[in-house]
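Observations on chain architecture
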Amino acid sequence: GSSGSSLVSELKKMKSLWLSTTPQHIMTSQRKLLKHFVKIPLTERRVELKSGEYINMVDTWNGQGSAPSKTLVLTHGYGSGLGFWFRNIDALTKEGGGKYDRVIAVDWLGMGASSRPSNTKLPLRRNCGKTSDPQEFIQFFVSSLEEGLGNIGLQKFHLLGHSFGGYQI
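Residues numbered from 1 in each chain as written. Predicted model: local features only at pLDDT ≥ 70, side-chain atom pairs only at ≥ 80, totals over all residues. Heavy atoms only, no water.

A tally of helices and strands in the chain yields six helices and five strands. Taken from N to C terminus, the helices and strands of the chain fall in the order α-α-β-β-β-α-β-α-α-β-α. When contacts within the chain are restricted to residue pairs at least 6 apart in sequence, long-range pairs at least 24 apart make up 68% of them. About 10,300 Å² of surface is accessible on the chain, with carbon and sulfur atoms providing 56% of the total. (Helix = DSSP H or I, 4+ residues; strand = E, 2+ residues; numbered from the N terminus. Contact = heavy atoms within 4.5 Å. Areas by Shrake-Rupley, 256 points an atom, 1.4 Å probe, with all protein chains shown as cover.)

Shown next, in the form of structure tokens:
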């Protein structure tokens, strides 16, 4: 009846508001957001993984001079991106009154401006939304983070996570 047609109409309206996106679109938005709100210069890093995927990061250290001694890595919540930290990056650095020489914000693999692995690589998708082993799901994200941070030579650091990002650490 009429309630069914109004639901269809409402769904069509919602679909018209939906914008598809790519890591490239997200990078453009991320750059604008961070440039506007973060005063400390940031270095963008696209860190390759042995799987052929990559992790997107921003870093307050430009790679010049000796490596900073006290580093903080920020991990965001599920389905979001490193831009969620735009109000925190400056405040966490020594220049902004915080205690860290270096702050790195990371996009989890498959989120933000990091690469999108195929469905067969994602534990949750591979099992039709149900994973029989929660450790497999966690390990997928943690191992890519460990590999990415290792690939930029980071061995000792503090972690700060929000929501899913906090659960992973």
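Tracing the sequence through the fold places Thr 93 in the loop between helix H3 (89-92) and strand S4 (102-106). What Thr 93 contacts, discounting residues up to four positions off in sequence, is Ile 40, Thr 60, Gly 98, Tyr 100 and Val 103.

Our next topic: the nonpolar core. Counting 16 residues, the largest nonpolar core has Met 57, Val 73, Ile 104, Val 106, Phe 141 and Leu 149 as the members making the most contacts within it. Counting residues per element, the ones that place at least two in this core are strand S2 (54-59), S4 and helix H5 (134-151). Once residues lying within four places of it in the same chain are set aside, the contact partners of Ile 104 are Met 57, Val 58, Asp 59, Thr 71, Leu 72, Val 73, Leu 74, Ile 152 and Leu 154. (Core = buried A, V, L, I, M, F, W, Y, C linked by side-chain atoms within 4.5 Å. Buried < 20%, exposed > 50% of the residue type's maximum accessible area, 1.4 Å probe, protein only.)

A few words now on the packing of aromatic side chains. Tallied over the entire structure, the rule returns three aromatic pairs. An angle of 80° between the planes, with centres 6.1 Å apart, marks the rings of Trp 108 and Phe 141 as edge-to-face. Taken as a pair, Trp 108 in the loop between S4 and helix H4 (123-126) and Phe 141 in helix H5 lie far apart in primary sequence, 33 residues in all. This pair shows no difference in class: Trp 108 is buried, exactly as Phe 141 is. (Phe/Tyr/Trp six-rings, centres within 6.5 Å; stacked < 30°, edge-to-face > 60°.)

If you trace the backbone, Gly 77 turns up in the loop between strand S3 (71-75) and H3. Taking the relative accessible area as the measure of exposure, Gly 77 reaches 4% and is therefore buried.

The subject of this paragraph is the pattern of salt bridges. Taken as a whole and judged by the stated rule, the model has five salt bridges. A salt bridge links Arg 45 to Asp 59; its shortest N-O distance comes to 2.9 Å. One end of the pair, Arg 45, is in strand S1 (residues 43-48); the other, Asp 59, is in strand S2, and 14 residues separate them in sequence. Pair check on accessibility: Arg 45 and Asp 59 agree, each one buried. Salt-bridge contacts for Arg 102 lead to Asp 59; the nearest nitrogen and oxygen are separated by 2.5 Å. Here Arg 102, found in strand S4, pairs with Asp 59, found in strand S2; they are 43 residues apart in sequence, far enough to count as distant. Across the pair, Asp 59 and Arg 102 agree in class, each one buried. Sharing partners across several salt bridges, the network here consists of Arg 45, Asp 59 and Arg 102. (Salt bridge = Lys/Arg side-chain N within 4 Å of Asp/Glu carboxyl O.)

That's the geometry; what it means functionally is another story.
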